[in-house]
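Below are the chains, spelled out letter by letter.
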Amino acid sequence: MTPEQKKDAYKRAVSVIKANDRGSYTIPTKGLYPFQWNWDSCFTALGQAHFDPARAWTEIETLFAHQWDDGMVPHIVFHVYDDGYFPGPTVWNTGREIATSGITQPPVAGYAVARLFDLSPDKNSVARRARPLIDKITRWHRWFHSARDPAGEGLVAIIHPWESGRDNSIDWDTAFERVPTEGVEPYRRRDTDHADPEQRPTKAQYDRYLWLVQHFRALGWDNSRLHDASPFRVVDPGFNAILIRSCGEVARLARQLGETAIAEENEALAEKGLAALERLWSAEHGQYLGLDRVTGKLIDSLSIGGLMPVFAPIPLHRAAAIAGRIAEMGEKVRYLVPSHDPAAAGFDARRYWRGPVWLVVNYLIADGLRRAGREAMAEKVIESGLELIFSSGFAEYYDPTDGTACGGGQFTWTAATVLEFIDSK
Ligand code: DGY
């Protein structure tokens, strides 16, 4: 990309984010996702930090205003009425004054808050906003380790594919077979009104998504029961890496703010998680794998979830192996990083998380590669992302073989990522 093209992309990215701004929160895109999503919002704040830092803090504060009493931070906050999305508040029925979903999403907030703090030239004034947030984020991190790791193994499980953010990854296919579909109430999907059904999860997957929601709802969204009661309990290396990194970043920020107890608690969680992550390494594949907590077996599926751990401070030789895996995939597709290995069975270049490139994942991977000294591969991953937005606009995700824009358009987190790529400080 030339400097002129970068300038133009920067301007377009800012206008995408502003168009999706609803005052105190930002929607991912019009139509398909009309509310506030958890990890989307944290990436959004990273983008806003480049042109409106005060607004960036508000984005995360709004999300945490809806934290549950037990510490969980929901994956959707239904700020307004909009029946263009399914499943809406009445399906979740979590009994909150302002409706939320009842499951969570990858904990990017700790990383995001530390990044906002680092980017700010005026530490004293932002410390005022950072302090309450790191307290709340620590409660969320603590919740993960109690509610989603009741046996104290060091890694947390997701109990619904939507929690991973990688809804229909091939990683979940086998474990998902255990989820029944009997008794699912009749429903009409709305996502396929806004996006090409060929690029979205299937009806069979939606039936199971819904079965799990109904099951958890029948248990009163009581997080002391949901983990053990879920037939779907999977330890996702990508998800855990984000948690580990966020714990580490919150600890670092807490030290700067003199919040020793918060720092120590997060350091301990990061250390425990990082040690346990080793269990997910596959020497055979040169990447991490998911773990099915119900069967206790590793999941033989070569997805991006097994490369995302580079975002955590993993051993350098593991980061080198991950850079090697990305290089291998780069020989098969034009754009990095495909969400599933193009050489593996089931790869589907346009279907959501079964093959397409997602720029936020490129962001996490590039950041991790850089920290591990893999600068050249980090640059390639970033360049791929910028080429994609240049050729295909700010899409939700992209076909890694030809760059076709997929899913929703004018997508907030894609735009936010681009601002970080172009204006990284
Ligand atoms: C969706 O509706 O597709 C979301 O990913 C679930 O949060």
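Nothing here was measured: the structure is a model prediction, and the numbers come from that model. (Residues numbered from 1 in each chain as written. Predicted model: local features only at pLDDT ≥ 70, side-chain atom pairs only at ≥ 80, totals over all residues. Heavy atoms only, no water.)

Peer 1: So what exactly am I meant to see when it comes to the overall build of the protein chain here?
Peer 2: A tally of regular secondary structure across the protein chain gives 17 helices and 9 strands. Computed over the C-alpha atoms, the radius of gyration of the protein chain is 20 Å, within 12% of the 22 Å expected from 2.2 N^0.38 for a compact globule of 425 residues. Referenced to the eigenvectors of the C-alpha coordinate spread, the extents of the protein chain come out at roughly 55 × 50 × 45 Å. Buried positions account for 62% of the 425 residues belonging to the protein chain. Taking the intrachain contacts of the protein chain between residues at least 6 apart in sequence as the baseline, contacts between residues at least 24 apart amount to 70%. Roughly 15,400 Å² of accessible area belongs to the protein chain as shown, and the carbon and sulfur atoms make up 50% of that amount. (Helix = DSSP H or I, 4+ residues; strand = E, 2+ residues; numbered from the N terminus. Rg over C-alpha atoms; globule rule 2.2 N^0.38 Å. Buried < 20%, exposed > 50% of the residue type's maximum accessible area, 1.4 Å probe, protein only. Contact = heavy atoms within 4.5 Å. Areas by Shrake-Rupley, 256 points an atom, 1.4 Å probe, with all protein chains shown as cover.)

Peer 1: Looking at this structure, how should I read the layout of surface pockets?
Peer 2: To find leftover empty space, a probe the size of one water molecule is rolled over the atoms. Here the largest pocket defines a volume of roughly 310 Å³. Lining of the largest pocket is provided by 16 residues; of these, Tyr111, Arg115, Tyr363, Asp367 and Arg370 occupy positions nearest its centre. Elements represented by at least two residues in the lining of the largest pocket include exactly helix 5 (109-119), helix 12 (237-256), helix 15 (359-371) and helix 17 (412-422). If one sorts the elements of the lining of the largest pocket by residue count, helix 15 sits on top with 5 residues. (1 Å grid on protein atoms, 1.4 Å probe; cavity = no way out; pocket = protein on both sides within 12 Å on 5 of 7 lines; lining within 4 Å. Points joined across faces, edges and corners; volume = space filled by probe spheres on them.)

Peer 1: I'm lost on the side chain of Thr29 in this one. Help?
Peer 2: Mapped onto the elements of the fold, Thr29 is located in the loop between helix 1 (3-19) and strand 1 (36-37). Thr29 gets classed as buried once you look at its relative accessible area, which sits at 3%. Of note is the side chain of Thr29, whose polar atom sits 2.6 Å from the backbone oxygen of Gly409. Contacts of Thr29, omitting those with residues within four sequence positions, involve Asn20, Pro34, Gly409, Gln410 and Phe411. (Polar contact = N/O pair within 3.5 Å; in protein donor to acceptor, adjacent residues only side chain to side chain.)

Peer 1: Before we go on, may I ask you to explain the site of the ligand in this structure?
Peer 2: Taken together, Tyr33, Trp37, His75, Tyr85, Trp162, Asp167, Arg200 and Tyr352 are the residues near the ligand. In this structure, His75 approaches the ligand through a side-chain N or O atom, which is 2.7 Å from an oxygen atom. Tyr85 places a polar side-chain atom, nitrogen or oxygen, 2.6 Å from an oxygen atom of the ligand. Burial of the ligand by the surrounding chains reaches 95%, relative to a free accessible area of 230 Å². When atom positions are compared with the pocket grids, the ligand is found to occupy the largest cavity. Counted by class, the shell around the ligand contains 5 nonpolar, 1 polar and 2 charged residues. (Near = heavy atom within 4 Å. Sits in = over half its atoms within 2 Å of the grid points. Nonpolar A, V, L, I, M, F, W, Y, C, P; charged D, E, K, R; others polar.)

Peer 1: When you look at empty space enclosed by the protein in this model, what are you seeing that I'm missing?
Peer 2: If you walk through the whole model with that rule in mind, you get 1 cavity of 30 Å³ or more. Considering only enclosed or pocket space, the largest cavity measures out at about 240 Å³ in volume. As for the largest cavity, its lining consists of 21 residues, and the residues nearest its centre are Tyr33, Trp37, Gln105, Asp167 and Tyr352.

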